[in-house]
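Summary of structural features
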Amino acid sequence: QVQLVESGGGLVQAGGSLRLSCAASGIIFRISRMGWYRQAPGKQRDLVAEIGSSGITNYGNSAKGRFTISRDNAKNTVYLQMNSLKPEDTAVYYCKSRTGLDDYWGQGTQVTVSS
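Below is a short write-up of the structure.

About the thresholds
Residues numbered from 1 in each chain as written. Predicted model: local features only at pLDDT ≥ 70, side-chain atom pairs only at ≥ 80, totals over all residues. Heavy atoms only, no water. Core = buried A, V, L, I, M, F, W, Y, C linked by side-chain atoms within 4.5 Å. Buried < 20%, exposed > 50% of the residue type's maximum accessible area, 1.4 Å probe, protein only. Helix = DSSP H or I, 4+ residues; strand = E, 2+ residues; numbered from the N terminus. Pairing = 2+ DSSP bridges. Axes fitted to C-alpha atoms, helices over the stretch in contact; angles between N-to-C directions.

Concerning the nonpolar core
Formed by 27 residues in total, the largest nonpolar core has its most connected members in Met 34, Trp 36, Val 78, Leu 80, Met 82 and Tyr 93. Elements represented by at least two residues in this core include exactly β3 (18-25), β4 (33-39), β5 (46-51), β7 (67-72), β8 (77-82), β9 (91-99) and β11 (109-114). No other element matches β3, which puts four residues into this core.

What follows is the structure, given as structure tokens:
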């Protein structure tokens, strides 16, 4: 059974930082492509950042220069360090894994940035 469990969300003031974690089980983590997506109310789910099995990263425009994705294959965990947060970063953040053709999603964690 695949499980992706996000943690680290919460309420933070604008300009602050948060670190999200996603602990994976039931997948071969080291060969999986891992990503963070976010969805604000009434909006589509968008890519924040993703990291391949080799460590190569890709960022959505909203994350460039402020967010950093990383992975720890020994802990089957992917992280999203978010700095200089803005109110428009408020959303539910979802972890996604892709192994071959199989995609899995976590349940999401709420991030709220107050102005």
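Thoughts on the environment of Asp 102
Relative to the assigned elements, Asp 102 resides in strand β10 (residues 102-105). Between the C-alpha atom of Asp 102 and that of Arg 19, which follows or precedes it by 83 residues, the distance is 26 Å.

A closer look at the sheet that holds β7
Spatial ordering of the open sheet is given by β1-β3-β8-β7, a layout of four strands whose pairing is antiparallel. Of all the strands in the sheet, the pair left with one neighbour each is β1 (3-7) and β7. Taking the axes of each pair of neighbouring strands and ignoring which way they run, one obtains an average angle of 15° across the sheet. Bridge count for β3 against β8 is six bridges, and the pairing is antiparallel. Counted as the bridge partner of Arg 19 is Gln 81 from β8.

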